[in-house]
Amino acid sequence: MTELLRPFLPFDPAETLLSWAARLAALHTGDRFVPFLRDFGIEPKSIVLNSEDAVERLCEVTGQDPAVVAQNLLKRAGVRRFALRDEVFPLEFTKGAMTAFCPACLAEDDRAGGNVHAHRRGKLIWTLRHVLTCPVHGLPLVERRRESWDSIYHELSLLVPEEGESLAALAEGLEQRAPSGLQDYLLSRLDGGTGPAWLDGQGIEQAARTTEVLGTLLEFGRDRVTSDLTLAERDQACRTGWHYTSRGAEGVREALQTVQDAFRDRNGKVGPQKVFGQMFKWLAYGTNQKDVGPIRDLLREHIFDTMAVAPGDEVLGEVLPVRRRHSVLSLAEQIKVHPKTLRNFLKACGAVAPDCEEQPDSLVTLDVAEGERLAELLKNAVPVSNLPKLVNCTRSQAQLMVDCGILKPIGHGGIEIGNSRCAVDRREVEELMADLKRRLPVIRTEPEGRHGLARTAELSRVTLDVILPALFDGKLTSAARLAGQNGLAAVRLDPVELARFATVRPLGYGPSEAFKILKVSLRVGRALLADRPGGPLLRSRKVPVSAFTRAGIWLMPQDLMDFQREYATHGNLCTETGLHHMELSHALKKMGVEPVADPKEIGVRVYRWADISAAPVDIWKDVIGKDGPP
């Protein structure tokens, strides 16, 4: 029987096998553990590899129970894979040849007295890649490595020569922090605990690696790789990643969308690799064919669900059979329009976010069915300025068809087609005119007592904003079409029949009249009427739909006066001051006068007179040579 070494130095359940072997050597020989092990016929590298025979031999000569040591042994479970307790992971889950330690823990070990290296314990948790903070003292772990062949032995006697005050100074130089949520989860899991279901459902290294890579992407951008991070940056990446992965697939999707929304590079086509950077490369081109866990499927589905992937394109190992989403760019290419035109159109229709201006066209996406429906609508969009030619009427009659609600403007009047800020659907126009053509009887010669629209309005004293709705609603039994003409120019009406539509006009204005008085477009006027915090900029009142307002909105003269007294549009200010719009912009900026609301939202810059009047007089003199604002 082998004589047992005395005194007995028990294995600490928190330390590694290498740490115990080094402590045994320091206690019994005062030397390094390589010659110590060889004295007992144990090859040092067999201890590094946790050889069962070597462990049994060392336990035999020391009198240590092997079952206690076995709890902390990494056992081979395949090529570059190891098992610890009930977890299996690749070598990358550990720190490899790097040695980590907590100075405060070593200082506590030193208080045992005697040879400090017989008491300093290298803890098992320090060897794990994602353990970066001492859970006892709340200090960042210090990492060191010997650039020599024996770095694999992790001998603290060589790596941490500091003792006493120098060791205390090392600890004092570290800023305290709590361990990351990821670290707490990993250590609990190694002890048999459970955590978030999504993470528990994958390998421990997969859960840790996914959290770290996702956190790196969020904190340090798409071009940083985890291997280039400092220890402090890695800790921050783990904390940030944990905030999302701990909430499962939903949290990860939220993180991916956050990255996507923050992408601002407008140069060229932007694909998944450019958006998700090193994370995408890790999942697409990772070495050793490792199973990275469910994150690959999750990212792929997120890409399919939120980005414009063409049918047949492969993403992270799978091909998308049917397109799910269109981007502004892919849809513009399909219908052959400029992406800016399409983007403005989709924004006006509410199909994409109004604040997507800084994102590249290839990242602003929408559902494929909705996108193709709107693309067809855009292809059939007709500027109101072109409506007279299509309907064969005057410009004012064409505008009235929109103002009276006979034709509904696409995107609530916010569509820019050519030089027009208002467009209608050609198909709706053609259907409307076809219906009129079907209903109205044809007359071969000019009938006595019947006239065209303008002359009928003049003779009947009934305005066209009353006549046109009545005509298209089928309320005029005398209406007919003159052969040889088309559109509204062919319509003939009896002024006598219009007498029943004559009513006393109430005081005030319908929206279109009010907007003309204020010299703003239909789109801008509607934005001024829209409700917002503090109330609309232009007040109005709801009224029953009538011959005077099919919109059900009426404005009193006082409403217009109040608006003009309180606000000024950029165009009105140019008229008042005689300044070019660029000169005015420069002057207002110099005075610190800001628009009262986002110009992109309203369609024009609106200022408060009070803000303009508060500007220093000398600035007005300097800008326009007057003693104050107009």
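Everything below is about the structure printed above this text.
Because the structure is a prediction, the values reported are computed rather than measured.

When helices and strands are tallied, the chain shows 31 helices and 18 strands. Taking the principal axes of its C-alpha atoms as reference, the chain extends roughly 135 × 65 × 40 Å. Contacts in the chain between residues far apart in sequence, at least 24 positions, make up 62% of those at least 6 positions apart. When the accessible surface of the chain is split by element, carbon and sulfur atoms take 51% of a total near 30,800 Å². Of the side chains in the chain, 81 bear a positive and 84 a negative charge, and the two mean positions are spaced by 9 Å.

Turning our attention to the layout of surface pockets. Computed from the structure, the second largest pocket encloses a volume of approximately 890 Å³. Lining the second largest pocket are 42 residues; nearest its centre among them are Leu 18, Val 48, Gly 96, Ile 152 and His 154. Breaking the lining of the second largest pocket down by element, the ones donating at least two residues are helix H1 (17–28), helix H3 (44–48), strand S4 (99–101) and helix H7 (156–159). If one sorts the elements of the lining of the second largest pocket by residue count, H1 sits on top with 7 residues. Partitioned by chemical class, the residues of the lining of the second largest pocket number 19 nonpolar, 14 polar and 9 charged.

Moving on to the packing of aromatic side chains. Taken as a whole and assessed by the stated rule, the structure comprises 7 aromatic pairs. An angle of 70° between the planes, with centres 5.4 Å apart, marks the rings of Phe 36 and Phe 40 as edge-to-face. With 5.6 Å between their ring centres and 35° between their planes, Tyr 185 and Trp 242 make a pair best called tilted. Residue Tyr 185 is located in helix H9 (residues 181–190), and its partner Trp 242 is located in helix H12 (residues 231–245); the two are separated by 57 residues in the primary sequence. The same class applies to Tyr 185 and to Trp 242, which are both buried. By way of ring pairs, the aromatic residues Phe 33, Trp 149 and Tyr 153 are connected into one cluster. Positioned over the ring face of Phe 220 is Arg 224, at 5.5 Å from the centre of the ring.

Tallied over the entire structure, the rule returns 39 salt bridges. Between Glu 370 and Arg 373 there is a salt bridge, with the nearest N and O atoms lying 2.9 Å from each other. With Glu 370 and Arg 373 both in helix H18 (residues 368–379), this residue pair falls 3 residues apart, about one helical turn. Arg 439 is paired through a salt bridge with Asp 435; the nearest N and O atoms lie 3.1 Å apart.

A few words on the nonpolar core. Judged by nonpolar contacts, the single largest core of 64 residues is most densely connected at Phe 276 and Met 279. Discounting residues that sit within four places of it in the chain, Met 279 has contacts with Val 213, Leu 214, Leu 217, Leu 256 and Ile 295. Residues Cys 404, Leu 471, Phe 472 and Leu 498 belong to the second largest nonpolar core, which totals 55 residues.

The next point concerns the side chain of Glu 15. Mapped onto the elements, Glu 15 comes out in the segment before H1. Looking at Glu 15, its side chain comes within polar contact range of the main-chain nitrogen of Asp 12, at 2.8 Å. Filtering out sequence-adjacent residues up to four positions away, Glu 15 remains in contact with Pro 10, Trp 20, Arg 23, Asn 72, Arg 121, Gly 122, Lys 123 and Leu 124.

This brings us to the sheet that holds strand S14 (residues 491–492). The sheet built from 3 strands is open, its strands ordered S12-S13-S14 with mixed pairing. Only two strands of the sheet have a single neighbouring strand rather than two, namely strand S12 (442–443) and S14.

Among all positions in helix H4 (residues 52–62), only Ala 54, Val 55, Leu 58, Cys 59, Val 61 and Thr 62 are buried. For H4, the buried positions fall inside an angular range of 170° around the axis, keeping them on one side. Exposed positions of H4 whose direction lies more than 90 degrees from the buried face are Glu 52 and Asp 53. Along its buried surface, H4 packs onto H1, helix H2 (33–39), H3 and helix H5 (66–70).

For the rest of this paragraph, the subject is the environment of Cys 105. Here Cys 105 lies in helix H6 (residues 103–110). With 55 residues separating them in the primary sequence, Cys 105 and Val 160 have C-alpha atoms 12 Å apart. Sequence-distant contacts of Cys 105, that is, excluding residues within four places in its chain, are made with Lys 123, Trp 126, Cys 134 and His 137.

This part is about unusual backbone geometry. Along the chain, Arg 6 connects to Pro 7 via a cis peptide bond; the corresponding omega equals 0°. Within the element layout of this structure, Pro 7 appears in the segment before H1. We note that Asn 50 has phi near 55°; this positive angle belongs to a residue other than glycine. Its identity as a non-glycine residue notwithstanding, Lys 336 has a phi of 60°, on the positive side. Within the secondary structure layout, Lys 336 lies in the loop between helix H16 (328–335) and helix H17 (339–348). Exposure remark for Lys 336: the relative accessible area of 73% places this residue in the exposed category.

Read from one edge of the open sheet, 3 strands run S1-S2-S3, paired in antiparallel fashion. Looking at strand neighbours, the two that pair on one side only are strand S1 (75–76) and strand S3 (87–90), the edges of this open sheet. Sheet topology places strand S2 (residues 81–84) next to S3; 4 bridges connect them, and they run antiparallel. Note on S3: the bridge partner recorded for Leu 84 is Glu 87.

Rules used in this analysis
Residues numbered from 1 in each chain as written. Predicted model: local features only at pLDDT ≥ 70, side-chain atom pairs only at ≥ 80, totals over all residues. Heavy atoms only, no water. Helix = DSSP H or I, 4+ residues; strand = E, 2+ residues; numbered from the N terminus. Contact = heavy atoms within 4.5 Å. Areas by Shrake-Rupley, 256 points an atom, 1.4 Å probe, with all protein chains shown as cover. Lys, Arg positive; Asp, Glu negative; His and termini not counted. Charge placed at Lys NZ, Arg CZ, Asp CG, Glu CD. 1 Å grid on protein atoms, 1.4 Å probe; cavity = no way out; pocket = protein on both sides within 12 Å on 5 of 7 lines; lining within 4 Å. Points joined across faces, edges and corners; volume = space filled by probe spheres on them. Nonpolar A, V, L, I, M, F, W, Y, C, P; charged D, E, K, R; others polar. Phe/Tyr/Trp six-rings, centres within 6.5 Å; stacked < 30°, edge-to-face > 60°. Buried < 20%, exposed > 50% of the residue type's maximum accessible area, 1.4 Å probe, protein only. Lys NZ or Arg CZ within 6 Å of the ring centre and 35° of its normal. Salt bridge = Lys/Arg side-chain N within 4 Å of Asp/Glu carboxyl O. Core = buried A, V, L, I, M, F, W, Y, C linked by side-chain atoms within 4.5 Å. Polar contact = N/O pair within 3.5 Å; in protein donor to acceptor, adjacent residues only side chain to side chain. Pairing = 2+ DSSP bridges. Arc of directions from axis to C-beta.

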